[in-house]
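# Reading the structure
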Amino acid sequence: MADGLRRLVSTESGRVLQQKLESWYQDYEINSCDQNLNRCCEIIEMNSVIQGQLFTILNETAREGGHYAGVETIKSRLLPWLGTCFSSATSGRPLETNLSLTQDSMEKERQLRKSANSQTFELQELQKELTATRLQLSHVQQDLTETQLALEDTKAKSATTLLAAEDEIVQLKAALKASHAQEENALRNLDRLNDYEQQIQILKDEISILDAQKSVLQSRLARSRSPSPRHSQSRSPSPLPLRSCSPGRASLTNASRHAYLVARFGDIYAQERLDAETLLRTYISDMEMVQRIIYIAAVESFHAAKMAYRHFKMRVRKTLSLGHSGPESLEDTVLDYIVRHEDLYDVQASVNEVIRSMNINPKISFPPEIDFIVISSLIRELCRVAFSMQTLIPPLDIAFGTDGELFHETKYRRSFDSDFTAPLVAYHVWPALIENDVVIVKGEAVTKRGALLSRSHSSSPLRSGSPRL
């Protein structure tokens, strides 16, 4: 019995029957008589199938209860229902109830017809609106066609106008180019005029300085006269040659000179250093010694250039102080003069000083038959850059480095052959550039474990004699 009931539930026959009844009710007014009869027969057949299944379940249920089980239920419910020829399927309601149900059904059918009539009227109204909309659409399409024709006409006229405008633009461009050329000529003439005025002012300043120097020298000569012929023949040291100086040049060009010198320092590291390294490798097989020589050359070059800058500045201050006058301070005038006349710097003397210092440095060695002069071009470029860096505000310098110092990521970068786990610097390859104790260009260093211990046991011998210049 349970299996039969499960099959009846799983097939959902009751739900399908209900759906078919609802569908027939919705389509009853639009169906033909044959279609409605077919729908009714189909529903009766489905209902008979469901009733057959229910009678089967009823029979199996009665068998499960025994011979006398369910007799009262069959007598009181099933037999009366069969006797009335299936007039009532559930509770045996009286005939009045059936009549009321019939009247309700007729009322619903009347309401359904009324609703269908109203829907038919609405459909007719919609058709009228659709006809009006189509008529309006035809008018819009006609307007669109006229607009397209007008647009084509406007395009043709615009093309003609555009050609004329292009010709006018070409003429305006030519006129603009001519005006730019005239403006450039005027600017060049103005720059020349400014240069002439500046040169005139510079010459006036030189004349005043020379007059002051002349008066001072004459007074010194008058005071130094004596009857001794030897003393009268003595000469005073030659004064610093004076040239035209541009007031305020140091402060005006400080930013551009700073950028150029920083870039030049990087170029020396990338080009001249590698050239010197290649040259030294032809004489020295030890790569560490080659890198030490280049680093010490850089350090000594900065030291020699700074000393030369101090002496040069003292000479310029001493000379300009004799006839200084004007709104600028003496220090600004001295700095402007040095920036203007950096070519007066004796770079060869600094190169000789660097080579002498390297010859007595205990950390490096060189074959006796060869001199450090082979890398004089690198030393000369470093001295020039270091001297120019002293004229900046503030000046640039290189960081102080010693073997065995703690490695700083902000100060150096490790070379490719370094031990990246070693915390101490074995030796330096290139110095770091600093400004106000802040690193602006990193140097390069080598970190290796045990390198300092091995280096301490193998010290380099000193070179004897003076360098061959």
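First, a word on what this report is: a plain description of the structure on this page. Keep in mind it's a predicted model, so treat the numbers as computed, not measured. (Residues numbered from 1 in each chain as written. Predicted model: local features only at pLDDT ≥ 70, side-chain atom pairs only at ≥ 80, totals over all residues. Heavy atoms only, no water.)

## A look at the packing of aromatic side chains
A complete count under the given rule lists 7 aromatic pairs for this structure. Between tryptophan 24 and tyrosine 28, the aromatic rings sit 6.1 Å apart at their centres with planes inclined by 65°, giving edge-to-face as the arrangement. When its relative accessible area of 17% is taken as the criterion, tryptophan 24 is described as buried. When its relative accessible area of 39% is taken as the criterion, tyrosine 28 is described as partly exposed. Taking 4.1 Å as the distance between ring centres and 5° as the angle between the ring planes, the aromatic pair formed by tyrosine 345 and phenylalanine 387 counts as stacked. Of this pair, tyrosine 345 sits in the loop between α10 (330-340) and α11 (347-359) while phenylalanine 387 sits in helix α12 (residues 376-389), and the two are 42 residues apart along the sequence. The buried category is assigned to tyrosine 345, whose relative accessible area is 10%. Within the aromatic cluster, the residues linked to one another by ring pairs are Phe265, Tyr269, Phe302 and Trp430. A cation sits over an aromatic face here: arginine 414 above phenylalanine 407, 4.2 Å from the ring centre. (Phe/Tyr/Trp six-rings, centres within 6.5 Å; stacked < 30°, edge-to-face > 60°. Buried < 20%, exposed > 50% of the residue type's maximum accessible area, 1.4 Å probe, protein only. Helix = DSSP H or I, 4+ residues; strand = E, 2+ residues; numbered from the N terminus. Lys NZ or Arg CZ within 6 Å of the ring centre and 35° of its normal.)

## Things to note about α11
Over its 13 residues, α11 extends 19 Å from the first C-alpha to the last, a length consistent with the 18 Å expected when each residue adds 1.5 Å. Every buried residue of α11 is accounted for by Val347, Ser350, Val351, Asn352, Val354, Ile355, Ser357, Met358 and Asn359. Contacts made by the buried residues of α11 are with α9 (287-320) and α12. (Expected span 1.5 Å × (residues − 1). Contact = heavy atoms within 4.5 Å.)

## Considerations on the packing of α11 against α12
Taken N-terminus to C-terminus, the directions of α11 and α12 make an angle of 120°; their axes are 9 Å apart at the nearest point. For the element pair α11 / α12, the angle class is oblique. In this structure, α11 crosses over α12, and the sense of that crossing is right-handed. Two secondary-structure elements touch here, α11 through Val347, Gln348, Ser350, Val351, Val354, Ile355 and Met358 and α12 through Ser376, Ile379, Arg380, Cys383 and Arg384. Of the residues in the contact of α11 with α12, the class split is 7 nonpolar, 3 polar and 2 charged. (Axes fitted to C-alpha atoms, helices over the stretch in contact; angles between N-to-C directions. Parallel < 35°, antiparallel > 145°, perpendicular 65-115°, else oblique. Left-handed = near helix turned anticlockwise from the far one by under 90°. Nonpolar A, V, L, I, M, F, W, Y, C, P; charged D, E, K, R; others polar.)

## Regarding the sheet that holds strand β3 (residues 427-430)
An order of β2-β6-β3 is seen for the 3 strands of this open sheet, with the pairing classed as mixed. A strand with exactly one partner marks an edge of an open sheet, and here the two such strands are β2 (412-414) and β3. Averaged over all neighbouring strand pairs, the angle between strand axes comes to 40°, with direction disregarded. Direction of pairing for β2 relative to strand β6 (residues 443-446): parallel, over a ladder of 3 bridges. Looking at the pairing, arginine 414 lines up with alanine 445 of β6. Against the sheet, α9 contacts β3 and β6, and its axis sits at roughly 65° relative to β3. (Pairing = 2+ DSSP bridges.)

Geometric values such as these leave the question of function open.
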